[in-house]
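Report on the structure
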Amino acid sequence: MKKILSIFVVTVLYVMVTAFAGFQKDVDHLEKQAIELLKKQIITEAAWALKQTPVTITASSSPRSAGGKHDFFSEADYWWPDPKNPNGPYISKDGLTNPDNFLEHRKAMIRFSKIIGALASAYKITGDEKYVKHAVKHFQAWFINSETLMNPNLLFAQAVKGRFTGRNYGIIDTIHLMEVAQGALVMQNAKSFNNATLQGVKQWFADYTLWLNTSVPGIQEKTVKNNHATCWAMQVASFAKLCNDENMLDSLRISYKTILLPNQMGNDGSFPLEMARTKAYGYSIFNLDAMTMLCQILSTPNDNLFNFETPDGKSIKKGIHYLYPYIVDKNKWILKHDVMYWENWPVAQPFLFFGAVQYNQQDWFLAWKKLNHQPQVEEVIRNLPIRNPLIWL
């Protein structure tokens, strides 16, 4: 009997190992396809990045900012002058972006993200130190040089004229530092990345992570019920990973399982609070991307969040299954068209790529492959912080 049982156990283990090996082979194949697809784009973008000199937030300012030279400033997108009181406090128009807002700091940060993302991607696929050497100049300008650095807080982000000098909702602007942090993580062992600069970068992100967790705006943003809380967690996860802050990473895993996923996802896989917005399609895509990236950043071999499911059946896989049909054919979308930028979505969404790799879903990968990998519309770029997927694998 013992011999039969032993044979059975060995057989089961063999089947499991063989199945896993086959699955891993398929996953590796998808990653290789992605590299082949993106390689030319990466090298082209990196060649552009090598020509860029550092431009930080100290290069521009707004008279409407209550902060100083080193303080990031932006204005809330959906707030406008009041026609009944043109010189008074702004009024809200959900989903409609005010074109007269101050955007220079946001643009500088997105440019920084593009540069580091491109250089880190090129370094990852070529191993060429020239990409790291140039990236170091930008890291030093943003985080170390006393004349050009950005203060590690967002006290003056998404201000509203006549109402707020800054708001917790502005914290979402620094999602574009995620690929900066991940780029540093990818390049940190390169010979050209001197230790003083690396430690300075990590210290800046550690200081900012502390502010995000202890300041009034940070705590407010953490507890918002929609995509803002997801994005707070997503960027904190990215920064904590760079800083090897395991306690923070553990707390974020618990938050994903007990708060973010169960409270934001509906039983059908949708996000009801995003579906209620005037740009329901874009916001649904945005929040699913953010939750998927949370899973990608936080998952470990012993705790793969892509496999996590709440007692009532909510999971990131269900979320992707829900939205996928509307990605491949947006004409099937069940709600009104978004009030702005309806025609500009979808693009090569991260949830499709990372979902395809995790679940070995060829159809999701093919959908991602066919979509636009180089969007040019500012609003799309603003809501697409993950534009260099290879550095996250």
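The structure contained in this document is the topic of the report that follows. These numbers come from a predicted model, not from an experiment. (Residues numbered from 1 in each chain as written. Predicted model: local features only at pLDDT ≥ 70, side-chain atom pairs only at ≥ 80, totals over all residues. Heavy atoms only, no water.)

**Quick word on the packing of helix α10 (residues 280-298) against helix α12 (residues 350-359)**
Heads up, the rule is: In this analysis an axis means a line fitted to C-alpha atoms, helices contributing only their contacting stretch, and an angle means the value between N-to-C directions, from 0 to 180 degrees. In DSSP terms, a helix is any run of H or I states spanning at least four residues, a strand is any run of E spanning at least two, and both are numbered starting from the N terminus. Roughly parallel means an angle under 35 degrees; roughly antiparallel, over 145; roughly perpendicular, 65 to 115; everything else is oblique. By definition, any crossing whose near helix is turned counterclockwise from its far helix by less than a right angle is left-handed, and any crossing with a clockwise turn is right-handed. Only heavy atoms enter the contact rule, under which two residues are in contact if any of them lie within 4.5 Å.
Running from N to C, α10 and α12 point in directions that differ by 40°, and their axes come no closer than 8 Å. Our classification of the angle between α10 and α12 gives oblique. The handedness of the crossing between α10 and α12 comes out as left-handed. Residues I285, L288, D289, T292, M293 and Q296 of α10 form the contact with α12, whose participating residues are P350, F351, F354 and Q358.

**Here's the deal with the side chain of E221**
The line we're drawing: When accessible area is computed with a 1.4 Å probe and restricted to protein chains, residues below 20% of their type maximum are described as buried, those above 50% as exposed, and intermediate ones as partly exposed. Counting rule for charge: Lys and Arg are taken as positive, Asp and Glu as negative, and neither His nor the chain ends is counted. What counts as a salt bridge is simple: a side-chain nitrogen of Lys or Arg found within 4 Å of a carboxyl oxygen of Asp or Glu.
Structurally, E221 is set in helix α6 (residues 216-222). For the buried E221, no salt bridge is present, and the opposite-charge side chain at shortest range is R167, 8.5 Å distant. Contacts of E221, omitting those with residues within four sequence positions, involve N168, Y169, I171, I172, H228, A229 and W232.

**Concerning the nonpolar core**
Defined as follows: Nonpolar cores are built from buried Ala, Val, Leu, Ile, Met, Phe, Trp, Tyr and Cys residues. Side-chain atoms within 4.5 Å join them into one set.
Grouped together as the largest cluster of nonpolar side chains are 112 residues, with contacts concentrated most on F139, F143, M187, F205, Y256, L323 and L352. Here the element with the most residues in this core is α10; it accounts for 13 residues. Apart from the residues within four sequence positions on either side, M187 is in contact with I116, L119, A120, Y123, Y131, V132, A135, F139 and F193.

**Some details on the state of the cysteines**
Let me state the cut-off plainly: Whenever a pair of cysteine sulfur atoms sits within 2.5 Å, that pair is classed as a disulfide.
Under the defined criterion, the tally for this structure stands at 0 disulfides. Cysteine C295 remains unbridged, with the sulfur of C231 as its closest cysteine sulfur at 14 Å. Exposure remark for C295: the relative accessible area of 0% places this residue in the buried category.

**A few points about empty space enclosed by the protein**
The cut-off we apply is this: Buried and open spaces are told apart on a 1 Å grid over the protein atoms alone, a cavity being a set of points where a 1.4 Å probe fits but cannot get out and a pocket being an open set with protein on both sides within 12 Å along at least five of seven lines. Residues with an atom within 4 Å of a point are the lining residues. Grid points are joined across faces, edges and corners, and a volume is the space filled by probe spheres set on the points. Side-chain classes follow a simple rule in which Ala, Val, Leu, Ile, Met, Phe, Trp, Tyr, Cys and Pro form the nonpolar group, Asp, Glu, Lys and Arg form the charged group, and the remainder, Gly included, forms the polar group.
Following the criterion strictly, the structure yields 4 cavities of 30 Å³ or more and no others. Among the elements that make up the lining of the largest cavity, the one with the highest residue count is α10 (3 residues). When the residues that make up the lining of the largest cavity are grouped by side-chain class, the tally is 6 nonpolar, 2 polar and 3 charged.

**Here we look at the packing of aromatic side chains**
So the rule is basically this: Under the pairing criterion, centres of Phe, Tyr and Trp rings, with the six-membered ring standing for Trp, must be within 6.5 Å; the plane angle then separates stacked pairs below 30 degrees from edge-to-face pairs above 60, leaving the rest tilted.
Summed over the entire model, instances satisfying the criterion amount to 24 aromatic pairs. Residues Y322 and Y326 carry aromatic rings whose centres are separated by 5.7 Å and whose planes lie at 65° to one another, so their mutual orientation is edge-to-face. You can see Y322 and its partner Y326 sitting in helix α11 (residues 316-328), 4 residues apart, about one turn around the helix. Considered together, Y322 and Y326 belong to a single accessibility category, that of buried residues.

**What to know about the layout of surface pockets**
Taken as a whole, the second largest pocket holds about 470 Å³ of empty space. Lining the second largest pocket are 25 residues, with Q41, E45, H373, Q374 and R387 positioned closest to its centre. Elements supplying a minimum of two residues to the lining of the second largest pocket: α1 (2-49), α2 (104-126) and α12. Per element, the largest residue contribution to the lining of the second largest pocket is 6 residues, and it comes from α1. Of the residues contributing to the lining of the second largest pocket, the split by class is 14 nonpolar, 8 polar and 3 charged.

**A look at the pattern of salt bridges**
Applying the stated criterion across every chain yields a total of 13 salt bridges. Between E104 and K107 there is a salt bridge; the shortest N-O distance is 4.0 Å. Residue E104 and its partner K107 are both found in helix α2; the two are separated by 3 residues, about one turn of the helix. Linking K279 and E379 is a salt bridge whose minimum nitrogen-to-oxygen distance equals 3.2 Å. Pair noted here: K279 is in the loop between α9 (272-275) and α10 and E379 is in helix α14 (residues 378-382), with a separation of 100 residues, a long-range link. What makes E379 buried here is its relative accessible area of 7%. Linked by salt bridges that have partners in common, D77, R106, D173, K279, E379 and R382 make up one network.

Any functional reading would require information that these geometric values do not contain.
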